[in-house]
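For reference, the chains in residue letters:
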Amino acid sequence: GDIDATGHAYGPESIEHSTTTHLFFDEFEKFLRMLKKDRAEHCLCIVSADHGQLTVEPKKTIYLDEITGFDELLKISTHGRKILPWGGVREVFVAVEEGRLDDMLHLLQRQLTDIVDVITSESALEAGLFGSNQKIHPDLRTRIGDIIILPRGNNTVWYHHPKGSSSKSIGQHGGLTNDELKIP
């Protein structure tokens, strides 16, 4: 809730994020002290998080639609519209036109060298990025597209969608850096 939202808004290393985190644990400690001793002895409280965050610079986001030739390689839906990239600025999923996978891979690798890792979704599945292949949900392949773009360092990549979504959050997650993967 508030800890995650504050990290997104101000960054995980900000005073606002630190303050929000301390406030949570102060309130949690008050709650624990309110428990009656006989109930507390039979109570187990587990506090966990599902990811960390990384501080990024939204103004430095690279927009895929500004790469010449990118849009022409996007898959067309059954309704005749381009399927625009989805996911987040630290993990972008792309559906590619049938037979054009290698073209898209080469374009992205050439244009985004040293900025991102570009991998096929099949390679990601084989590498276990989504868990054991034996436990993969049958619908997962439709959720991750054909190519996954994973920015390196604190880089961000996105697409100018018609409804105007752009990258504004300072704290992000979804990539493969230690700051994003570790649970604080």
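Refer to the structure presented above.
For the structure given in this document, a descriptive report is provided here. Keep in mind the model is a prediction, meaning the values are calculated, not measured. (Residues numbered from 1 in each chain as written. Predicted model: local features only at pLDDT ≥ 70, side-chain atom pairs only at ≥ 80, totals over all residues. Heavy atoms only, no water.)

An order of E3-E4-E6-E5 is seen for the four strands of this open sheet, with the pairing classed as antiparallel. Looking at strand neighbours, the two that pair on one side only are strand E3 (86-88) and strand E5 (116-120), the edges of this open sheet. The mean angle between the axes of side-by-side strands here comes to 15 degrees, regardless of whether they run parallel or antiparallel. Pairing of strand E4 (residues 91-94) with strand E6 (residues 147-151), which is carried by three bridges, proceeds in the antiparallel orientation. Paired with valine 92 across the bridge in E6 is isoleucine 149. (Pairing = 2+ DSSP bridges. Helix = DSSP H or I, 4+ residues; strand = E, 2+ residues; numbered from the N terminus. Axes fitted to C-alpha atoms, helices over the stretch in contact; angles between N-to-C directions.)

Counting residues in each nonpolar core, the largest one holds 22 residues, and the members touching the most others are Leu64, Phe70, Val94, Met104, Leu108, Ile147 and Ile149. Of all the elements in the fold, those that place two or more residues in this core are E4, helix H4 (101-111), E5, E6 and strand E7 (157-158). Counting residues per element, this core draws most heavily on H4, at four residues. Formed by eight residues, the second largest nonpolar core is a distinct cluster that contains Phe93, Leu140, Ile144 and Ile148. (Core = buried A, V, L, I, M, F, W, Y, C linked by side-chain atoms within 4.5 Å. Buried < 20%, exposed > 50% of the residue type's maximum accessible area, 1.4 Å probe, protein only.)

In this section: the layout of surface pockets. If you add up the space inside the second largest pocket, you get close to 410 Å³. What lines the second largest pocket is a set of 19 residues, among which Glu91, Phe93, Leu129, Phe130 and Gly174 lie closest to the centre. Mapped by element, the contributors of at least two residues to the lining of the second largest pocket are E3, E4, helix H6 (140-144), E6 and helix H7 (178-181). With three residues, H6 is the single largest residue contributor to the lining of the second largest pocket. (1 Å grid on protein atoms, 1.4 Å probe; cavity = no way out; pocket = protein on both sides within 12 Å on 5 of 7 lines; lining within 4 Å. Points joined across faces, edges and corners; volume = space filled by probe spheres on them.)

Residues Glu91 and Phe93 of E4 are buried on one face, and the alternating residues Val92 and Val94, pointing to the opposite face, are buried as well. As judged from the three bridges shared by E3 and E4, these two strands associate in the antiparallel manner. Bridge pairing in E4 links glycine 87 to valine 92. Hairpin remark: E3 followed by E4, antiparallel, with two residues in the connecting loop.

Here we take up the packing of helix H1 (residues 2-10) against helix H2 (residues 15-34). Axis separation between H1 and H2 bottoms out at 8 Å; the angle between their running directions is 175 degrees. Judged by the inter-axis angle, H1 sits roughly antiparallel to H2. Facing Asp2, Ile3, Thr6, Gly7 and Tyr10 of H1, the residues of H2 in contact are Glu16, His17, Thr20, Thr21 and Phe24. Of the residues that constitute the contact of H1 with H2, the class distribution is three nonpolar, five polar and two charged. (Parallel < 35°, antiparallel > 145°, perpendicular 65-115°, else oblique. Contact = heavy atoms within 4.5 Å. Nonpolar A, V, L, I, M, F, W, Y, C, P; charged D, E, K, R; others polar.)

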